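Now for the letters of each chain:
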Amino acid sequence: MFHYTIRRLIFTIPTLLFISFVIFFILDTAPNDPTGNLPLTIPPEVRVKIRASLGLDQPMFIRYLLWCQQFFINEPLNMIEQWFDITIGDGTRLRVTSWSTRSPVVDLVVERLPQTLWVVGMSYVVGILIAIPIGVISAYKQYSWFDQLGTFFSMLGFSVPTFFTGLLMIVIFSVHLRWFPSIYDTTHKVTDWSSFVFQVKQMIMPVMVLAFFNAAQLSRFMRASMLDNLQQDYVRTARAKGLKERVVVLTHVLRNSLIPVVTVIALGVPQVFGGAIITEQIFKVNGLGQLLIIGIQGADIPLVQTLTFIFAVLIVLFNLIADIIYGLLDPRIRYD
Amino acid sequence: MTDTTIIEGKGRTLWGDVWDQYKTHKGALIGTAVFAFILFAVFIGPYIYTADPQYLSIRDKNQGPSLAYPLGTDQLGRDMLAQVLHGGRVSLAVGIIAMAISLLVGTAVGLLAGYFKKLDGPLMRMTDLFLALPLLPLLLVIIMLFRDTLRGMFGPETGIFILIVSIIGATSWMHTARIVRGDVLAQKEREFVMAAKSIGTPDRRIILRHILPNVLSPIMVSATLGVANAIITESALSFLGLGFPSDFPTWGRLLFDGANYMTLTPARVVWPGLAISLTVLSVNFIGDGLRDALDPRIRGR
Amino acid sequence: MKIPNLILAAAGASLLATTAFGAAHEARGRDGNVNIIYWQAASIMNPYLSGGTKDVDASSMVIEPLAHYDENGNMVTTLVDEIPTVANGGVSADLTSITWKLSEGLLWSDGTPVTANDVVFTANYCMDPSGGCQQLAKFSDVTNVEALDDRTVKITFGSAKPFPYGPFVGSTTPVLQAAQFAGCSGAAAPTCTAANFKPIGTGPFVVSEFRANDTITLTANPNYRDATKPAFATLTFKGGGDAASAARAVLETGEFDYAWNLQIAPEILAQMEAKGMGTVLSGFGPLVERLMINLTDPSASLGDTRSTVANPHPFMTDIAVRQALSMAIDRPLLVEVGYGKAGKVTCNVLPSPAIYDSPNNAGCEIQDIAGANAMLDAAGWAMGSDGVRAKDGVRLSILYQTSTNAVRQDFQALIKQWWGEIGIETELKNIDAAVFFGGDQSSPDTFQKIFADLEMYANNFDGTDPEAYMGSWKCSEIPSPENAWLGSNMPRHCNADYDALVAEMAGTADISKRAELAIAMNDILMQNYIIIPLVHRGNVSASANTLAGVKLNAWDSELWNIADWSRK
């Protein structure tokens, strides 16, 4: 397993480089333009100059190499400088700079990370915590009223998109009941009890909307996988050996059923960092998802390239983690 | 459905068995009935309820349900019932075809990667690549490259339809692939696969006869979720101006357009939302029933 | 009383302010905090690097130009005491230079004095060829900017400028502090992140925290020139979400005090307003939603000469068709469906300022389907069995494109139906705005290429002078592959009389004569149905009922008079 992991990690580097090039190529080919959202009062000749000042008159390959240099060399150096408070070279390196804000993309990401982790991450944790018990109980008591209800709600959760559930919650809880704010305050800092209560209040709606959606999907996979395993021979054997039902279900069946669930969770974790575009938009959370969508709408290539690439790194990494967990859950799985 | 290929040629008795088992699954029967009703409503319904979904009767805008307009009207005075019926055709077609494409690709990639060690690396790295691609810019590129060509070849509506189902199919298979692969990795180490291998069963047979039936459950779940996903994604596409022309109703689009009118004319969001949910729910129960019916261990009981 | 579940800090600040300044009604910062929501978040505080309305508006609270436009489109002084004119000697008699004199005693927010040098620096900052300044057009023909003394700036133009109020009038061209931006000219402009996020200005507020594309926190400028203003001690400028949710935050939940650009269905807005927490405001500038007819053939089969003057359009060149298209449209209904209070029927592409509004095209507000049918009959377009008119094998079938936007798609649906009633078949197409307005050379979907029979969008001009705007439709502005599709004459309209009028206006200083010329140009476009105006659009925003002093301004930043805002 160790050798496998090392081999996979080494192979990751060319993979990611290739992915970064493909992403750059797509972003560059896409027909949206950084001047597209400017008022029409800015005449075409000025737009040409704006594009030139952004470096868009350079060939694509040169711009890609420039990004590589900025991202793989300048940004890490800069980070080392900040961490250890030292200066390497003359300290004036060009960092990856967003076209719309003219500020380093990495700083923007760092600024956005807290609210994304709080809201999207929390919703994921809540989703998992709801989904696994629901999936297990639903499968164990297949076709009971609990199972039917669980099925109904998970289908509802998956087929009704978040733009709708989010809006519905705002209309009910913000407009009519006035319980929760409809606009998330990203500058809010938790310092005491009352500010903590406020933080919980403003998180509750986006977290619930997303958790509902995530749990719906996850609980279905959990249930299906549990059902498969409950019918396996080893379950009968274990019961025949006189093991307690609790032990059979929670240790043997659950463990063997987790493979698809681990896959789905591993696929979902990078998405936490990618933010939740629609939910962030509805509740004005302005996390990474909102940053990405603004970047895409404004054809902000350095921003979108960097965000998407970080996202790609996480995807590759978490898929590797999932593969390792498979081996732990089921020792028969060997990659060597 | 992908599974029919496995059983084909096994004779009528097996199909009979499957059907017998399917019949005993109450949820599956209800699901089938609801799904048949929805199909009937959207494909035959417009011939019975003949109102034109695109006709604007602007003086009757934003009406609640009435005799003239059973589900009310939208902000331009279009008949909601007619729109839901017509919209269903496209949504169902997009949902099912796109789901089928994504399932087919995803299952194939997952099976191959899980079973053949040599293919695992390349196929999974390709999956990583597809997962990492930024969807929106990719869509803009695809639209730029192919919209006019397809529009010229098949006309505005069929051309866009082909484009949409391929886009949704091509960008949503990765989850299925990863899930199937994970399961195959575990399945292929099981005793019965070892046994089949040891007696020299060809790989193709092992995959189709022994492994595929055992990874059917997650595939069925993916299928259900895939239908919902495709219907919703279609509406997101048309919002980006990448989907059908704007006066062409689909369920996702009706729901999206109606969301802001939620407090003014609630019927506008209730019906398309309900239609999507019912479809997904019925597909889910059909999937449940099918899985049980196709599983020999259950069928015997 | 405001809603309790407001940002806590804000509530605290407001409490503090009321107790501390309880009696002092005229003190700066007496009204605590004000919350403003712009659903498009501001990404930078420097309008020279981002000309987006959101960025210009946000920065207008901090940095100011020499003069502003007020809510009626009149110029008002900001950092000067008097607007230079030919009459007061500020503008030279040959119209080639303008001299501004700064008010006495102006201070930057850091306490240093504002000098003419700052103005000169700002002009050079924008005119630096490698800076990519987005307001460069405002400085067109400027040859020299010099400081005559500490408070006097002279701007010289290369040719006679009948309207010399381009640079430093209006929030798009504010004065930057030379000391702060010294190292930021040209190619270095984007690297000055700190300066671009927290510019030192003369405006009523100072940035205390800037979170790009999210929230800006501002505090009152201690050195603002009027000691009693602004009334608010702090200001939160939140971005993100969509127009409907911004409206909801002001009109329904009361979390915010002011929301910008509420382009949503009028009936929804009216329903929200009925809650009684806030008021919907509208103000009209020169923005007109219009149809641009393509006079050239957009057929894909033409390859490189598609939509160029080489191939005249098969039927749009017939004025009867163009006129019938216009006659079939019910403009009052479009206003009612799409814009409500924020729209007016217009029969001119130049409806505003009032002196330029042509009186010669009245009557378009009445829909005339029968008349349009009769006109097409008379022109020989016979109705076919499929309900579509044709002549000599040419069918009246139209591809109608616009950007993606809920109101525009409603307009498309309505207009398609009306055109169906006069035997014209319409196919609708909507394109993502960033692509449509983006001007990417490789994309077939840009509004300059107009690979469609007609397209719909809105356009206007900065400030109050329409000269450059009306110049858009001269022959040399036609986009084509030769000029890389740069140009703003989308209809590909070419008319020698029109070009002559454009040239004449460039040399005319007298305002009433200029108005006559602009009206004549407008009438050529209207009476030939080259452009079909639909709706004169206003800005629409919402303000909480507790807010006083808001004057919606369509000619300048909406926050132009934020210093005068206060709590009722």
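Along every chain, residues carry numbers that run from 1 in the direction the sequence is written. By the order in which they are written, chains take letters starting at A while ligands take numbers starting at 1. Where local features are concerned, this predicted model is filtered to residues with pLDDT of at least 70; where side-chain atom pairs are given and counted, the filter is 80 or more; whole-chain, interface and lining totals use all residues. For the side-chain quantities, the full set of heavy atoms in the structure was used; hydrogens and water were omitted.

Chemist: Looking at this structure, how should I read the overall build of chain C?
Modeler: Along the backbone of chain C there are 15 helices and 21 strands. Relative to its length of 568 residues, chain C is compact, with a C-alpha radius of gyration of 25 Å against a globular reference of 24 Å. Dimensions of chain C, computed from the C-alpha atoms along their principal axes, are close to 80 × 55 × 40 Å. Looking at chain C as a whole, 64% of its 568 residues are labelled buried. Taking the contacts inside chain C whose residues are at least 6 apart along the sequence as the reference set, 68% of them involve residues at least 24 apart. Each accessible area is a Shrake-Rupley estimate made with a 1.4 Å probe; only the visible protein chains count as cover when residues are assessed. Only carbon and sulfur atoms are counted for the fraction: they give 55% of the accessible area of chain C, which is about 18500 Å². Numbering goes from the N terminus for both helices and strands, where a helix is a DSSP run of H or I of at least four residues and a strand is a run of E of at least two. As a reference, a globule follows 2.2 Å times the number of residues to the power 0.38, and the radius of gyration itself is taken over C-alpha atoms. Think of it in three bands: residues with accessible area under 20% of the maximum for their type are buried, residues over 50% are exposed, and the middle band is partly exposed, with areas taken using a 1.4 Å probe on protein chains only. Every residue pair with non-hydrogen atoms within 4.5 Å of one another is taken to be in contact.

Chemist: I keep staring at the interface of chain A and chain B and nothing clicks. Help me out?
Modeler: Often, the extent of an interface is quoted as the loss of accessible area on bringing the components together. Taken together, the contacts link 64 residues of chain A with 56 residues of chain B. Two parts placed together each lose some accessible area under a 1.4 Å probe, and the buried area is that loss summed for both. For the pair chain A and chain B, the summed buried area comes to about 5300 Å², and 69% of that belongs to carbon and sulfur atoms. We count a salt bridge whenever a side-chain nitrogen from Lys or Arg sits within 4 Å of a carboxyl oxygen from Asp or Glu. Linking chain A to chain B there are four salt bridges. For D288 of chain B, the salt bridge identified is with R223 of chain A, shortest N-O distance 3.5 Å. Sorting the residues of the side of chain A that touches chain B by element identifies α1 (2–29), α5 (145–159), α6 (162–176), α7 (193–230), α9 (245–274), α11 (288–297) and α12 (301–329) of chain A as the ones contributing at least two each. Looking at which element gives the most residues to the side of chain A that touches chain B, the answer is α1 of chain A, with 11 residues. Residues are sorted three ways: Asp, Glu, Lys and Arg are charged, Ala, Val, Leu, Ile, Met, Phe, Trp, Tyr, Cys and Pro are nonpolar, and all the rest, Gly among them, are polar. For the side of chain A that touches chain B, the residue count by class is 39 nonpolar, 15 polar and 10 charged.

Chemist: How do you make sense of the packing of helix α3 (residues 26–43) of chain B against helix α13 (residues 267–294) of chain B when you look at a structure like this?
Modeler: A pair of packed helices is characterised by two quantities: the angle between their axes and the separation of those axes. All names here are of chain B. In this analysis, axes come from line fits to C-alpha atoms, helices being fitted only over the stretch in contact, and the angle between any two N-to-C directions falls in the range 0 to 180 degrees. Where α3 contacts α13, the two axes come as close as 8 Å, and the packing angle between them is 140 degrees. Relative to α13, the element α3 is oriented oblique. Here α3 runs over α13; the crossing is left-handed. Along its contact with α3, which presents G27, A28, G31, T32, V34, F35 and I38, the element α13 presents L278, T279, S282, V283, F285, I286 and G289. Here the residues of the contact of α3 with α13 sort into eight nonpolar, six polar and no charged. Geometric relationships in this document are graded by angle, where less than 35 degrees denotes roughly parallel, more than 145 denotes roughly antiparallel, 65 to 115 denotes roughly perpendicular, and other angles denote oblique. Take the far helix as your reference; a near helix turned counterclockwise from it by less than a right angle gives a left-handed crossing, and one turned clockwise gives a right-handed crossing.

Chemist: Sorry if this is basic, but what is going on with a nonpolar patch on the surface here?
Modeler: Residue and element names in this part refer to chain A. Patches here: salt-bridge-free residues with over 30% relative accessible area, like charges joined within 9 Å, nonpolar side chains (Val, Leu, Ile, Met, Phe, Trp, Tyr) joined within 5 Å. A cluster of nonpolar side chains, namely F2, I6, L9, I10, L317, I321, I325 and L328, defines an oily patch on the protein surface of about 730 Å² accessible area. Those elements giving two or more residues to the nonpolar patch turn out to be α1 and α12. Assignment of secondary structure puts F2 in helix α1.

Chemist: Got a minute to help me understand the packing of aromatic side chains in this structure?
Modeler: Each aromatic ring pair is characterised by the separation of its centres together with the angle its planes make. In this analysis, rings of Phe, Tyr and Trp, with Trp reduced to its six-membered ring, are considered paired at centre separations within 6.5 Å, and the interplanar angle assigns stacked below 30 degrees, edge-to-face beyond 60, and tilted for intermediate values. Evaluated as defined, the whole model comprises 43 aromatic pairs over all chains. On the numbers, 4.9 Å between centres and 50 degrees between planes, the contact of Y258 of chain C with W565 of chain C is tilted. A residue pair is termed long-range when its members are at least 10 positions apart, and Y258 of chain C in strand β10 (residues 258–259) and W565 of chain C in the loop between β20 (547–548) and β21 (566–567) qualify at 307 residues. You can call W565 of chain C buried: its relative accessible area is 0%. Centre to centre, the rings of F437 of chain C and Y457 of chain C are 6.1 Å apart; their planes meet at 80 degrees, and the pair counts as edge-to-face. In this pair, F437 of chain C sits in the loop between α12 (433–436) and β18 (454–459) while Y457 of chain C sits in strand β18, placing the two residues 20 residues apart along the sequence. Here the two residues F437 of chain C and Y457 of chain C agree in accessibility, since each one is buried. Here a set of aromatic residues connected by ring pairs shows up, and it is made of F21, F24, F61, Y64, W67, F71, F72 and F309 of chain A. In this structure, R268 of chain B packs its charged tip against the face of Y261 of chain B, placed 4.5 Å from the ring centre. Its guanidinium or amino end placed over the ring of F451 of chain C, R306 of chain C lies 4.0 Å from that ring's centre, counting from NZ or CZ. For a lysine, the NZ atom is tested; for an arginine, the CZ atom; a charge sits over a ring if that atom is within 6 Å of the ring centre and within 35 degrees of the ring normal.

Chemist: What's the story with the confidence of the model for chain B in this structure? I'm lost.
Modeler: pLDDT gives the predictor's per-residue confidence on a scale running from 0 to 100. Counting all residues, the mean pLDDT for chain B is 84, and 92% of those residues have values of 70 or more. Between the elements of chain B, mean pLDDT differs from a low of 44, seen in helix α1 (residues 4–7) of chain B, to a high of 92, seen in helix α5 (residues 80–115) of chain B.

Chemist: Is there a simple way to explain the side chain of D453 of chain C in this structure?
Modeler: Residue and element names in this part refer to chain C. Locating D453 in the fold gives a position in the loop between α12 and β18. Any pair of nitrogen or oxygen atoms within 3.5 Å is treated as a polar contact; in protein, a donor-acceptor pairing is required on top of that, and neighbouring residues in sequence qualify only through side-chain atoms on both sides. Among the polar contacts made by the side chain of D453, one reaches the main-chain amide nitrogen of L399 at a distance of 2.7 Å. Residues within four places of D453 in sequence aside, it is in contact with M292, I293, N294, P298, H313, M316, S397, I398 and L399.

Chemist: Mind showing me how you'd approach the interface of chain C and chain A here?
Modeler: On the side of chain A, 57 residues touch chain C, which itself brings 64 residues to the contact. For the pair chain C and chain A, the two sides together bury roughly 4700 Å², of which 57% comes from carbon and sulfur. Where chain C meets chain A, there are zero salt bridges. Our count for the chain C to chain A interface comes out at 19 residue pairs in polar contact (both at pLDDT 80 or more). Taken together, the residues of the side of chain C that touches chain A sort by class into 27 nonpolar, 27 polar and 10 charged.

Chemist: Would you take a moment to explain the sheet that holds strand β5 (residues 142–149) of chain C for this structure?
Modeler: Strand pairing in a sheet relies on backbone hydrogen bonds, with the paired strands running either antiparallel or parallel. All names here are of chain C. Pairing within the open sheet is antiparallel, and its three strands lie in the order β4-β6-β5. Here the strands that pair on one side only, and so sit at the sheet edges, are β4 (97–101) and β5. Looking at each pair of strands side by side, their axes are set apart by 15 degrees on average, direction ignored. Strand pairing is defined by DSSP finding a minimum of two bridges between the two strands. In this sheet, strand β6 (residues 152–157) lies alongside β5 in antiparallel orientation, the contact comprising six bridges. Counted as the bridge partner of D149 is T152 from β6. Against the sheet, helix α3 (residues 116–127) touches β5 and β6, its axis set at about 165 degrees to β5.

Chemist: What am I meant to see in empty space enclosed by the protein here?
Modeler: Empty space among the atoms becomes apparent when a probe as large as a water molecule is rolled across them. Computed over the protein atoms alone on a 1 Å grid, cavities are sets of points where a 1.4 Å probe fits but cannot get out and pockets are open sets with protein on both sides within 12 Å along at least five of seven lines; a residue lines them when it has an atom within 4 Å of a point. Grid points are joined across faces, edges and corners, and a volume is the space filled by probe spheres set on the points. Tallying each qualifying case throughout the model produces 15 cavities of 30 Å³ or more. Approximately 140 Å³ is the volume found for the largest cavity. Forming the walls of the largest cavity are 15 residues, and the residues nearest its centre are N229 and N256 of chain A together with D183, Q187 and R190 of chain B. Sorting the residues of the lining of the largest cavity by element identifies α7 and α9 of chain A together with α8 (174–187) of chain B as the ones contributing at least two each. Of all the elements, α9 of chain A adds the most residues to the lining of the largest cavity, at four residues. Looking at the lining of the largest cavity residue by residue, the classes come out as three nonpolar, six polar and six charged.

Chemist: Could you clarify how one ought to interpret the pattern of salt bridges in this entry?
Modeler: When the charged atoms of two side chains with opposite charge come close together, those side chains can pair. Taken as a whole and judged by the stated rule, the model has 43 salt bridges over all chains. Residues E336 of chain C and R59 of chain B are paired through a salt bridge, measuring 3.5 Å at the closest nitrogen-oxygen approach. Here R59 of chain B lies in the loop between α4 (45–48) and α5 and E336 of chain C lies in helix α9 (residues 331–339), a pairing that spans two chains. The class for R59 of chain B is exposed, based on a relative accessible area of 60%. Here R389 of chain C makes a salt bridge to D377 of chain C, at a shortest N to O gap of 2.6 Å. Here R389 of chain C, found in strand β14 (residues 389–391), pairs with D377 of chain C, found in helix α10 (residues 369–378); they are 12 residues apart in sequence, far enough to count as distant. Among the ionic contacts, a cluster of salt bridges with common partners joins R8 and D323 of chain A together with D120, R178 and R181 of chain B.

Chemist: Hey, could you run me through the nonpolar core in this one?
Modeler: For soluble globular proteins, the rule of thumb is that nonpolar side chains tend to be buried together. The nonpolar core is taken to be a set of buried Ala, Val, Leu, Ile, Met, Phe, Trp, Tyr and Cys residues, with the residues joined through side-chain atoms within 4.5 Å. The biggest cluster of nonpolar side chains holds 211 residues, and the ones touching the most others in it are L218, F237, L325, W419 and L534 of chain C. Here this core gets 14 residues from one element, more than from any other, and that element is helix α7 (residues 135–171) of chain B. For the domain bounds, the source is a domain assignment made automatically or taken from a database. Here this core spans two domains, and each of domain 1 (15–84) and domain 2 (107–329) of chain A adds at least three residues to it. In contact with L325 of chain C, other than residues within four places in its own chain, are I293, M316, I398, W419, I422, I424, L454 and I532 of chain C. In this structure, Y124 and L227 of chain A together with L103 and I219 of chain B belong to the second largest nonpolar core, which totals 101 residues.

Chemist: Honestly, the environment of M124 of chain B in this entry has me stumped. Any pointers?
Modeler: Residue and element names in this part refer to chain B. Structurally, M124 is set in helix α6 (residues 117–132). Between the alpha carbons of M124 and M174 there is a distance of 9.2 Å; along the sequence they are 50 residues apart. Discounting residues that sit within four places of it in the chain, M124 has contacts with V109, A113, R178 and R181.

Chemist: Looking at this model, I keep getting lost on the state of the cysteines. Mind explaining?
Modeler: Note on terminology: a disulfide is the covalent bond linking the sulfur atoms of two cysteines. Residues and elements named next belong to chain C. We call a pair of cysteine sulfur atoms a disulfide when they lie within 2.5 Å. Inspection of the entire model under this criterion finds four disulfides over all chains. Each sulfur of the disulfide joining C184 and C192 lies 1.9 Å from the other. Negative torsions about the S-S bond denote left-handed disulfides, and the value of about -100 degrees found for C184 with C192 makes this one left-handed. Each of the two residues, C184 as well as C192, counts as buried. A disulfide bridge connects C475 with C494, and the sulfur atoms are separated by 2.0 Å. Taking the sign of the S-S torsion, about 100 degrees here, the bridge from C475 to C494 comes out right-handed. Note that C475 is positioned in the loop between α13 (467–470) and α14 (496–506) and C494 in the loop between α13 and α14, a separation of 19 residues in sequence.

Chemist: Just to check I follow, could you spell out the layout of surface pockets for this structure?
Modeler: All names here are of chain A. Estimated volume of the second largest pocket: approximately 620 Å³. Lining the second largest pocket are 28 residues, and of these S53, L54, G55, L66 and W99 sit closest to its centre. Residue assignment for the lining of the second largest pocket shows that the elements contributing at least two residues are α2 (44–53), α3 (60–84) and α12. When residues in the lining of the second largest pocket are grouped by element, the largest group, five residues, is from α3. Taken together, the residues of the lining of the second largest pocket break down into 14 nonpolar, 10 polar and four charged.

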